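Survey of secondary and tertiary structure
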Amino acid sequence: MSLQPTRYNAREAEAKWQATWEEQQVFATPAPNEKPDYFVLEMFPYPSGNIHMGHVRNYTLGDVTARFRRARGYNVLYPMGWDAFGLPAENAAIQRGVHPGAWTQQNIATMREQLKSIGLSYDWSREVTTCEPSYYQHEQRFFLKMLKAGIAYRKQAVVNWDPVDNTVLANEQVIDGRGWRSGAPVERRTLSQWFLKITDYAEDLLQGLEGLTGWPEKVRLMQEKWIGKSSGAMLTLALTAPKAIAFSHPEGIEIYTTRPDTLYGMSFVAIAPDHPVAKAVAETTPEAAAFVKECSALGTSEEAIEKAEKRGYDTGLKATNPLTGDTVPVYIANFVLMDYGTGAVFGCPAHDERDHEFATKYGLPITQVVDAGEPVTLPYTGEGVLTNSPLFNGLPVAEAKEKAIAELEKRGIGTRKINYRLRDWGISRQRYWGAPIPIIHCDACGAVPVPEDQLPVTLPEDVTFDKPGNPLAHHPSWKHVNCPTCGQKAERETDTFDTFFESSWYFASYASGGGAQGIDAAAAQRWLPVDQYIGGIEHAVLHLLYARFFTRALKTCGVLDVAEPFAGLMTQGMIGHATFKDANGEWLYPADVMQDNSGQWVLESTGAPVTMGRSEKMSKSKKNTIDPRGIIDAYGADTARLFMLSDSPPERDLEWTDAGVDGAWRYLGRLYRLVVDQKAAASADTDGLDGVTGPLLALRKQTHKTIDAVTRDIEQFHFNKGVARIRELTNALEKLDLNSPGAPAVFAEAVQAVVHLIAPLMPHLAEELWAVLGHADLMANRPWPKADAALLVDDTVTIAVQVNGKLRATLELAKNLPEEEAKTIALSHPSVQPHIDGKTVKKTIVVPNRIINVVAA
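Now for a look at the structure at hand. Owing to the predicted nature of the structure, the values given are computational and were not obtained by experimental measurement.

Helix and strand counts for the protein chain stand at 26 helices and 36 strands. Once the C-alpha set of the protein chain is aligned to its principal axes, its extents read approximately 110 × 85 × 65 Å. When contacts within the protein chain are restricted to residue pairs at least 6 apart in sequence, those whose partners lie at least 24 apart make up 71%. With an accessible surface of roughly 37300 Å², the protein chain has 49% of that area assigned to carbon and sulfur atoms. In the protein chain, 86 positive and 105 negative side-chain charges are present, and the distance between their average locations comes to 2 Å.

Shown next, in the form of structure tokens:
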């Protein structure tokens, strides 16, 4: 009989168990049965070529959840796929001279094997790849259904244009005025674009947030803010022009405001650069035209506009205050967006920071109309009562708003209005590597939907990337087709879908079987909403909001009957690492540096001094990344998993350290030796456990309390707490004298519990130890252990004793000890006696099983 090695060979064991799981199809999704269903899903990755540590952390969290739920008796759906369209593939095609599809498929093959090396329990049979026609044919059908339902439409619009990626960006994809991928400053352009009417669902999306109790409050607040519901008034201001300005706009300027109570403080009107009035002025005024052109460089995102210097051009026009009859100047302003409200605002600089900055810059009047009740520095944006406002003086702000709206309605110049910050989703992108929009443009018939029997509209393979812009628009033949309606020559739509289109429904594809299945309503009904979704908080108002909208739109179109896509959401933290620079200030990889004998950081290859900077989020640009492949090769996947799970709560950032990884590896080795070196005891018969007493009974109680607590910890995503409890139990097992009567049985019970408890966390080691203990079945198929309720109850409790409010002793007493006995023991305790000696005990208060308070004087 061969002896087990006392050093754990992670590489060998992990390869063996991964092959066994795959061979036996352990993680295949079960057909419907009497068990409850549970859908675990992480946000699927873009196939960039290699996994990074963020992937390892994210997917380990999902795998622990999936394995735990499977052991708890659930039918688990846990799939994986690829968000495979996007500009990086086009950039790779240009840089490497390869087709985007070939580059993408090669990356998928590489990353699939890397993910498998982590031991993730995916059902790979449901894998989806969004760049495959078998997948995107379904979203082309969804688009046509949305077009028919009036959810999709086309219009001329001012858009965010990324001049580097040569494509349109949604507002959500503009971060601090720059493209979310390229980082280039975004510009404004007017283009014909396809949109989805997400605004029609604004109120439903907002109300739906209340039911998402399984989501972090922070994410719900971010979506609420992005939807941006506000209540105010819509009013029309009359316009006048000096005789020197040839201008006529008899309908006036329509304005939406949330603060009609501050109308008496109006000192100017600001309009967007692309407002009809601004365009009319620019047609006859070169200076105005030049200013409008300057504004186009700001883009259309609110973030960029808020941070920019507030600038304006005085049109010479005047707007009339509807309450006073006074006129104020009309400016074209770089901080007003045409697609929010009406593209025009009135400025009340005393009570708005932006308006105050603008009025100060241009020397405009600043009239305070809200009294804070004490001297304040303007602008004042808080509550108060109205002042310098004849109709509203003395009214609190809320009452003044209501009276202002009533007055505007009374005069017939305004109405109450609910408005939303949310704008319709622009889905047109001017690039090749995306799903073609299934529309044909005919001079006679207009925009004609591609007939369903001609779907999918696939991408041409013979494309070149030697010209700026969209290769589909340059292709010599692909776009030239006949109109399906009249048969005349026509052209395909050359824009492709925004890649968020694919990720807005992929979860329903998984539920339907994955691959080319599209959406099966009955299967989707079984699995949706996703019970536990895991991903980064950076997607709070991008992917997550779009997916919620898309689910509703598909319901409108009769494809789905699900209210929300994700019932539970966990947003994991980032992974950080120290940064390093050489003497020239160039970033260095951690793998290239080392500490010398004096503890100084140096370049490993030359010994040249290196400067260690602060820890920052791992990023390629700062080279502070750790290649997961190197860690898995050196330590094994379970070590990486354990470190990710034990070092920090999953929602917080994690600091990657070599010492932490070494510590995780050493613990795996200790755990392996604990079982292997004491195999006889670990495999002992557990009959007769009910008769143990004393320390052995205490250890049995610790075992069952650990089972109970770790169960709750995993359910609540407190993985680091669960790991700590398991380590406490194994520490106790290492100290156990196995020669004492009954000890082997207690040890065996505890060891078997530990092996079960680590199974979701360190699945390869759990399988190896389970086999060492002589079991033929797989741990992955084992049920979760159950704690004995009788062993969760303590027979004794720790009682604090205070004398005159100060802690003087702690007692270990029998639980529910009679009050008089507890008093007697407390008053006679050696640590209490000196503090009552020579005094009269006035009162002794006993709080059962918790505390005894003694009052002595």
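There is more to say, and it comes next.
This part takes up helix α17 (residues 628-635). One full turn of an α-helix is made of 3.6 residues, so residues set three or four places apart face in the same direction. When α17 is considered as a whole, its buried residues turn out to be Pro628, Ile631 and Ile632. Take α17 and look down its axis: the buried residues cluster within an arc of 95 degrees, on one side only. Buried residues along α17 sit against α2 (53-71), α18 (637-646) and α19 (658-676). Immediately beyond the C-terminal end of α17, within one or two residues, lies Gly636, with a positive phi of roughly 100 degrees.

This part covers the nonpolar core. By size, the foremost hydrophobic cluster in this structure holds 185 residues, and its most contacted members are Phe143, Met146, Trp425, Leu528 and Trp656. A total of eleven residues in this core trace back to one element, the largest contributor, which is helix α23 (residues 743-758). Apart from residues no more than four positions distant in its own chain, Met146 is found in contact with Ile151, Ala152, Leu196, Phe550, Ala553, Leu554 and Cys557. With 39 residues, the next largest nonpolar core counts Ile255, Ala278, Ile332 and Ala400 among its residues.

Before going further, it helps to examine the packing of aromatic side chains. One pass over the full model with this rule turns up 38 aromatic pairs. Seen in terms of ring centroids, Tyr8 and Tyr672 are 5.2 Å apart; in terms of plane orientation they differ by 35 degrees. Their pairing is tilted. Of this pair, Tyr8 sits in the segment before α1 (10-23) while Tyr672 sits in helix α19, and the two are 664 residues apart along the sequence. The two residues Tyr8 and Tyr672 agree in class, both being buried. Centre to centre, the rings of Phe501 and Phe550 are 5.0 Å apart; their planes meet at 85 degrees, and the pair counts as edge-to-face. Of the two residues, Phe501 sits in the loop between β24 (496-497) and α14 (506-511) while Phe550 sits in helix α16 (residues 543-556), which places them 49 residues apart along the sequence.

We now examine the sheet that holds strand β3 (residues 152-162). One open sheet holds the four strands; their spatial order is β4-β3-β7-β18, and the pairing between them is antiparallel. Strand pairing shows two members of the sheet lacking a second neighbour, β4 (167-169) and β18 (425-426), which therefore form its edges.

Bringing the pairing of strand β25 (residues 532-535) into the picture now. Burial of β25 is two-sided: the residues Gln532 and Ile534 facing one way and the residues Tyr533 and Gly535 facing the other way are all buried. Relative to β25, strand β1 (residues 37-42) runs parallel, the two being bridged by three bridges. For Glu42, the partnering residue across the bridge sits in β25 and is Ile534. Relative to strand β26 (residues 569-571), β25 is paired through three bridges, and the arrangement is parallel. Within β26, the residue paired with Gly535 across the bridge is Thr571. One crossover worth recording links β25 to the parallel β26 by way of α16, and it is right-handed.

Let us now look at the pairing of strand β21 (residues 446-449). Bridging between strand β20 (residues 439-442) and β21 involves four bridges; their strand directions are antiparallel. In the strand pairing of β21, Cys442 is matched with Gly446. Here β20 folds back onto β21, and the loop between the two strands holds three residues.

Another point: the environment of Thr129. In this fold, Thr129 is placed in the loop between α4 (100-116) and α5 (133-148). Under the relative-accessibility criterion, Thr129 is labelled buried at 7%. Between the C-alpha atoms of Thr129 and Leu738, which are 609 residues apart in sequence, the distance is 55 Å. Those residues within four positions of Thr129 in sequence are excluded, and the remaining contacts are Trp82, Ala84, Gln105, Ile108 and Tyr135.

Assignment of secondary structure puts Arg411 in helix α12 (residues 397-411). Using a relative accessible area of 37% as the deciding quantity, one classes Arg411 as partly exposed. Setting aside anything within four residues of it in sequence, one finds Arg411 in contact with Pro322, Leu323 and Leu391. Within the structure, Arg411 has its side chain in polar contact with the side chain of Glu407 (distance 2.8 Å).

With that settled, consider the packing of α1 against helix α24 (residues 763-772). Close contact between α1 and α24 brings their axes to 9 Å; oriented N to C, the two are set at 90 degrees. Comparing their axes, α24 and α1 come out roughly perpendicular. Contacts between α1 and α24 involve Ala13, Glu14, Lys16, Trp17, Gln18 and Trp21 from the first element and Pro763, His764, Glu767, Glu768 and Ala771 from the second.

For the rest of this paragraph, the subject is the environment of Leu209. With respect to the helices and strands, the residue Leu209 is situated in the loop between α6 (202-208) and α7 (217-227). Take Leu209: its relative accessible area is 4%, and that puts it in the buried class. Measuring from C-alpha to C-alpha, the distance between Leu209 and Gln223 comes to 8.2 Å, with 14 residues separating the pair along the chain. Contact partners of Leu209, with chain neighbours within four places excluded, come to Arg220, Gln223, Glu224, Ile227 and Arg548.

Reading across the sheet, the four strands line up as β2-β1-β25-β26 and stay open at both edges, with parallel pairing between neighbours. Each edge of the open sheet carries a strand with a single partner, namely β2 (75-77) and β26. The sheet shows a mean angle of 15 degrees between the axes of neighbouring strands, direction not considered. In the packing of α2 onto the sheet, contacts are made with β1, β2, β25 and β26, and the angle to β1 comes to roughly 170 degrees.

Another aspect to go through is the state of the cysteines. Put plainly, two cysteines are in a disulfide when a covalent bond ties their sulfur atoms together. What the rule picks out here adds up to zero disulfides. Cys442 takes part in no disulfide bond, and the closest cysteine sulfur, belonging to Cys486, lies 3.6 Å away.

This part is about the pattern of salt bridges. Throughout the structure, instances matching the rule amount to 36 salt bridges. Glu452 is the partner of Arg141 in a salt bridge, and the nearest nitrogen-oxygen pair spans 3.3 Å. On the criterion of sequence distance, the pair formed by Arg141 in helix α5 and Glu452 in the loop between β21 and α13 (471-474) is long-range, its members being 311 residues apart. Among the residues examined, Arg141 registers a relative accessible area of 23% and is labelled partly exposed. We classify Glu452 as partly exposed; its relative accessible area is 40%. A salt bridge links Lys823 to Glu820; its shortest N-O distance comes to 3.6 Å.

About the thresholds
- Residues numbered from 1 in each chain as written.
- Predicted model: local features only at pLDDT ≥ 70, side-chain atom pairs only at ≥ 80, totals over all residues.
- Heavy atoms only, no water.
- Helix = DSSP H or I, 4+ residues; strand = E, 2+ residues; numbered from the N terminus.
- Contact = heavy atoms within 4.5 Å.
- Areas by Shrake-Rupley, 256 points an atom, 1.4 Å probe, with all protein chains shown as cover.
- Lys, Arg positive; Asp, Glu negative; His and termini not counted.
- Charge placed at Lys NZ, Arg CZ, Asp CG, Glu CD.
- Buried < 20%, exposed > 50% of the residue type's maximum accessible area, 1.4 Å probe, protein only.
- Arc of directions from axis to C-beta.
- Core = buried A, V, L, I, M, F, W, Y, C linked by side-chain atoms within 4.5 Å.
- Phe/Tyr/Trp six-rings, centres within 6.5 Å; stacked < 30°, edge-to-face > 60°.
- Pairing = 2+ DSSP bridges.
- Right-handed = clockwise from strand over helix to strand, strands pointing away.
- Polar contact = N/O pair within 3.5 Å; in protein donor to acceptor, adjacent residues only side chain to side chain.
- Axes fitted to C-alpha atoms, helices over the stretch in contact; angles between N-to-C directions.
- Parallel < 35°, antiparallel > 145°, perpendicular 65-115°, else oblique.
- Disulfide = S-S within 2.5 Å.
- Salt bridge = Lys/Arg side-chain N within 4 Å of Asp/Glu carboxyl O.

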